[in-house]
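What follows is each chain in one-letter form.
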Amino acid sequence: MSEPCIAAMDGGGTKTLLVIARQDSTIVEIRRGAGSNPFDQPLWRSVLENLLGNLPSSLEAVSFGLAGYGESETLRSRQDDVVNSLISVPFFIRNDVDMACTGAFAGKSGILLLSGTGSMAWGTDGHKRQCRVGGWGALFGDEGSAFWIGRKALSLLTEILDGRNTADANFLAPFCEGAGLPKNPELCGPALLEWYASLTHERSSVAALARIVSGMAESGNLTAQRLMTDAADELAAHIKAIRTRFAGITMPWSYAGGTLQSPFLRNAIARQCGAPIKPILPPAGGGLLSAARLAGWNCEPEWIDRLAHNLHESGLSS
């Protein structure tokens, strides 16, 4: 490809995307790989190397949003080294939630609440002042994340199987059906342990269970709704903490991550924090906007609108 282009990488805990766009905002290519969080993905280097191979010679700038970036000086240095070894054009690296925040508000002030495999909130005044809350990982936190919801669901399931919890028996059958487990309690326990023994990446597999709980909540299952409401309480606390730090500044909130695709969860948060703003751009779009500015391109509102449309048409909706 001879036309000038830019690229953005959205490196999350479960998946990593590389998106390449032309100067007219059309999407040239989308590359997909596994998760690239160095905290729990031992093959993260290979993921980055594979996605960044054979880039167009006309590439002018790249923006990286990498999970875990800036959270450990040791890992940050390793991420910097990998990118430096692979990229010869101007580039910018930051945390993936920072990049998502840029996309959601097109560089203006606001709070981006992320709930995917993990959870974190990122606030900015649209200038130089920034603040992050959460993002401590599964061992210390990640409250309200897909992993957190999946872990709570499994704990509840074992309580029901043991007979320690009889009040939430209505949770058993639909959850087991969604997870591919036997509905019979005597058969479910052994099958659950077999499922656990077969996991190759525990965190991602447990996080995937959140979709089942979310679907049950949308369908009216009261126990699932309680779990999702508990998750909403945890996530709302992230927003409130950032608003306290930015006292006196209007801070709308927006969202990213698969968990927050649940209308039930977003509505439960909205009851405490007000209605969210739909993201202007998806996370990868925030990276493309930053890369375009780094390349010196004209990024007027019309260009951002076209980029949003083209990303949506390419299956990367905000």
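Residues numbered from 1 in each chain as written. Predicted model: local features only at pLDDT ≥ 70, side-chain atom pairs only at ≥ 80, totals over all residues. Heavy atoms only, no water.

Observations concerning the overall build of the protein chain
At step 1: Looking only at helices and strands, the protein chain features 13 helices and nine strands.
At step 2: Here the C-alpha radius of gyration of the protein chain, 20 Å, is about what a compact globule of 318 residues would show, namely 20 Å.
At step 3: Projected onto the principal axes, the alpha-carbon positions of the protein chain cover approximately 65 × 45 × 40 Å.
At step 4: In the protein chain, buried positions account for 52% of the 318 residues. (Helix = DSSP H or I, 4+ residues; strand = E, 2+ residues; numbered from the N terminus. Rg over C-alpha atoms; globule rule 2.2 N^0.38 Å. Buried < 20%, exposed > 50% of the residue type's maximum accessible area, 1.4 Å probe, protein only.)

Some details on the packing of helix H6 (residues 172-179) against helix H9 (residues 210-218)
A pair of packed helices is characterised by two quantities: the angle between their axes and the separation of those axes.
At step 1: In the contact formed by H6 and H9, the axes pass within 9 Å of each other and the chain directions differ by 135 degrees. Classified by the angle their axes make, H6 and H9 are oblique. In this structure, the crossing between H6 and H9 has a hand that is right-handed. On the side of H6, the interface is formed by Pro-174, Phe-175, Gly-178 and Ala-179, while H9 contributes Ile-212, Val-213 and Met-216.
At step 2: A class-by-class count of the residues in the contact of H6 with H9 yields six nonpolar, one polar and no charged. (Axes fitted to C-alpha atoms, helices over the stretch in contact; angles between N-to-C directions. Parallel < 35°, antiparallel > 145°, perpendicular 65-115°, else oblique. Left-handed = near helix turned anticlockwise from the far one by under 90°. Contact = heavy atoms within 4.5 Å. Nonpolar A, V, L, I, M, F, W, Y, C, P; charged D, E, K, R; others polar.)

Concerning the pairing of strand E1 (residues 5-11)
At step 1: Within E1, seven of the seven residues are buried, which leaves the element mostly enclosed by the surrounding structure.
At step 2: Every second residue of E1 is oriented toward a common face, with Cys-5, Ala-7, Met-9 and Gly-11 on one face and Ile-6, Ala-8 and Asp-10 on the other, all of them buried.
At step 3: In the sheet, E1 pairs with strand E2 (residues 15-22) via seven bridges, with the strands oriented antiparallel. What sits directly across from Cys-5, in E2, is Arg-22.
At step 4: Counting the residues in the hairpin turn of E1 and E2 gives three residues. (Pairing = 2+ DSSP bridges.)

Here we look at the sheet that holds strand E4 (residues 59-66)
At step 1: Here five strands make up an open sheet; going across it, the order is E3-E2-E1-E4-E5 and the pairing mixed. Each of the sheet's edge strands pairs with one partner strand only, and the pair in question is strand E3 (27-34) and strand E5 (91-95). In this sheet, neighbouring strand axes are inclined to one another by 10 degrees on average, regardless of whether the strands run parallel or antiparallel.
At step 2: Of the strand pairs in this sheet, E2 and E3 are connected by seven bridges, and their pairing is antiparallel. Note on E3: the bridge partner recorded for Leu-17 is Arg-32.
At step 3: Of the strands in this sheet, E4 and E5 are in contact with helix H2 (residues 73-86), which crosses E5 at around 155 degrees.
At step 4: Sheet contacts for helix H3 (residues 96-105): E1, E4 and E5; angle to E5, the most-contacted strand, approximately 105 degrees.

Brief notes about the pattern of salt bridges
Once their charged atoms are close, side chains differing in charge can pair, the charge on each being opposite to the other.
At step 1: Within this structure, the stated rule accounts for eight salt bridges.
At step 2: Among the ionic pairs, Asp-98 bridges to Arg-94, the shortest N-O distance being 3.8 Å. Like Asp-98, the residue Arg-94 is buried in the burial classification. (Salt bridge = Lys/Arg side-chain N within 4 Å of Asp/Glu carboxyl O.)

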